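Each chain, letter by letter, is given below.
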Amino acid sequence: MATTARSRRLRLNLVAIPILLLISLIWIYPFLWTISASFKTQAGVFTGGAGLIPDQLNFDNFRRAWVNAGFSQFFANTVLYSVVSTFVELVKSALCGYVLARYDFPGRVLLHRLIIATLFIPVASIIVPQFVLVEQLGLLNTRAGVILAMSGSAGALYVLMFAGFFATVPSDLFDAAKLDGAGFLRTFRLILPLAKPVIAVVVIFQFVSNWNEFNIPLVFTLGQPELQNLAVGMLSFRGEHSVDWSGFAAAMTISFGPMLIVFLIFQNYFVRGLAGATKG
């Protein structure tokens, strides 16, 4: 019986693994082609077709992207926006989830339902009220205004994830903290390290979202183009009658790096956090 089941699984694997490999190659091909195109000449991008191996390595594309297109400034802006906005979103969602999970107050159920309802609101639909608010605060065309707008959008999912996690933490830990005289913030700081899997999920999702954000840095920095990020800076490669595709590919390759680094750092906690969210 066991031998039959083992042989059946083996036959299924022989069919499934090649199919999954093929799907993986199709999925990753655009990423590999972009990296390959970043080393090709402008003519080589078109004559090389779907090939991934460039005829000759052309590192001038990276110099053109970094220096001529001003990507050094765009890169610095993107790092600042992504890191600070992710930190603000992390603290905000963790505090809100902590309160929803551990405190009983009037309107708690209604607030929880309203947070869930915001999941169905398109993020792009709130850019107008965000713009008006930032303008009234006098932060338009400033880095602070961009950070405020980027960290004040879609955090409902993160709040629910933190609320679900804190609800599973044994009450004995909170009771022990109260006996030691810990207040609200101190208890929160003591419990938060236990939520590393959820923190990893929030950091990866929010960092990648902020890194690739296009609308907010474009709209909120129209008067100060030097404050734009990498996503908006990609427009530098589009001329009036032509597009610098090799330079564009080099810029895309530059923008891949930080996202991959963040994922590699948090990948173990990320998998655990998604597993915990699925179980919840």
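To be clear, the structure that these remarks concern was listed above.
Residues numbered from 1 in each chain as written. Predicted model: local features only at pLDDT ≥ 70, side-chain atom pairs only at ≥ 80, totals over all residues. Heavy atoms only, no water.

A. Highlighting the overall build of the protein chain. A count of helical and extended segments in the protein chain gives 14 helices and zero strands. Counting helices and strands in the order they occur from the N terminus, the protein chain gives α-α-α-α-α-α-α-α-α-α-α-α-α-α. The principal-axis extents of the C-alpha atoms in the protein chain amount to approximately 75 × 70 × 35 Å. Across the 280 residues of the protein chain, 35% fall into the buried class. Taking the contacts inside the protein chain whose residues are at least 6 apart along the sequence as the reference set, 72% of them involve residues at least 24 apart. Surface exposure of the protein chain reaches about 16500 Å², of which carbon and sulfur atoms provide 70%. Treating the 19 positive side-chain charges of the protein chain as one cloud and the 12 negative ones as another, the clouds have centres 15 Å apart. (Helix = DSSP H or I, 4+ residues; strand = E, 2+ residues; numbered from the N terminus. Buried < 20%, exposed > 50% of the residue type's maximum accessible area, 1.4 Å probe, protein only. Contact = heavy atoms within 4.5 Å. Areas by Shrake-Rupley, 256 points an atom, 1.4 Å probe, with all protein chains shown as cover. Lys, Arg positive; Asp, Glu negative; His and termini not counted. Charge placed at Lys NZ, Arg CZ, Asp CG, Glu CD.)

B. Expanded view of helix 7 (residues 143-150). Of the positions making up helix 7, those classed as buried are Gly145, Val146, Ile147, Ala149 and Met150. Those residues of helix 7 that are buried are in contact with helix 4 (71-102), helix 6 (127-136), helix 11 (196-211) and helix 12 (215-219).

C. Representation of helix 11. Taking 1.5 Å per residue as the helical rise, helix 11 with its 16 residues ought to reach 22 Å, and the 22 Å between its terminal C-alpha atoms agrees with that figure. The buried fraction of helix 11 amounts to twelve of the 16 residues, a majority that puts the element mostly inside the structure. Among the residues of helix 11, those classed as buried are Pro197, Val198, Ile199, Ala200, Val201, Val202, Val203, Ile204, Gln206, Phe207, Asn210 and Trp211. (Expected span 1.5 Å × (residues − 1).)

D. Quick peek at the packing of helix 9 (residues 171-179) against helix 10 (residues 184-191). It is at 10 Å that the axes of helix 9 and helix 10 come closest, and there the two elements cross at 135°. Between helix 9 and helix 10, the angle is such that the two are oblique. Once helix 9 is placed against helix 10, the crossing between them reads as right-handed. Contacts from Leu173, Phe174 and Ala177 of helix 9 reach helix 10 at Thr187, Leu190 and Ile191. Here the residues of the contact of helix 9 with helix 10 are counted per class, giving five nonpolar, one polar and no charged. (Axes fitted to C-alpha atoms, helices over the stretch in contact; angles between N-to-C directions. Parallel < 35°, antiparallel > 145°, perpendicular 65-115°, else oblique. Left-handed = near helix turned anticlockwise from the far one by under 90°. Nonpolar A, V, L, I, M, F, W, Y, C, P; charged D, E, K, R; others polar.)

E. Quick peek at the environment of Val134. Assignment of secondary structure puts Val134 in helix 6. With relative accessibility at 2%, the residue Val134 sits in the buried group. Sequence separation between Val134 and Gly145 is eleven residues, and the spatial gap between their C-alpha atoms is 5.9 Å. When sequence neighbours within four positions are dropped, the list of residues in contact with Val134 reads Leu139, Leu140, Gly145, Leu148 and Phe220.

F. Summary view of a nonpolar patch on the surface. A cluster of nonpolar side chains, contributed by Leu10, Leu14, Val15, Ile19, Leu20 and Ile23, occupies part of the molecular surface with about 600 Å² of accessible area. Position of Val15 among the secondary structure elements: in helix 1 (residues 2-37). (Patch = residues over 30% accessible without salt bridge, like charges linked within 9 Å, V, L, I, M, F, W, Y side chains within 5 Å. Salt bridge = Lys/Arg side-chain N within 4 Å of Asp/Glu carboxyl O.)

G. Representation of the nonpolar core in the model. Membership of the largest hydrophobic core comes to 41 residues, with the highest contact counts inside it found for Phe71, Phe162 and Phe166. When contributions to this core are tallied by element, the ones reaching two or more residues are helix 3 (60-68), helix 4, helix 8 (156-168), helix 10, helix 11 and helix 14 (245-279). Phe71 has contacts with Ala65, Trp66, Leu230, Gly233, Met234, Phe237 and Ala251, leaving out every residue within four places of it along the chain. In terms of nonpolar packing, the next biggest core, distinct from the first, is built from ten residues, Tyr81, Val134, Met150 and Leu227 among them. (Core = buried A, V, L, I, M, F, W, Y, C linked by side-chain atoms within 4.5 Å.)

H. Quick look at the packing of aromatic side chains. All chains considered together, the criterion is met by 17 aromatic pairs. Ring geometry for Phe162 versus Phe166: centroids 6.0 Å apart, planes at 20°, classification stacked. You can see Phe162 and its partner Phe166 sitting in helix 8, four residues apart, about one turn around the helix. The two residues Phe162 and Phe166 agree in class, both being buried. Of the aromatic side chains, those joined through ring pairs into one cluster are Tyr98, Tyr103, Phe162, Phe165, Phe166, Phe184 and Phe188. (Phe/Tyr/Trp six-rings, centres within 6.5 Å; stacked < 30°, edge-to-face > 60°.)

I. The arrangement of the pattern of salt bridges in detail. Evaluated as defined, the whole model comprises three salt bridges. Between Asp60 and Arg63 there is a salt bridge, with the nearest N and O atoms lying 2.8 Å from each other. Remark: Arg63 and Asp60 occur in helix 3; sequence separation between them is three residues, near one turn of the helix. A salt bridge links Lys92 to Glu89; its shortest N-O distance comes to 3.2 Å. Taken together, the residues Lys92 and Glu89, both in helix 4 and three residues apart, mark about one turn of the helix. By relative accessible area, which is 35% here, Lys92 ends up partly exposed.

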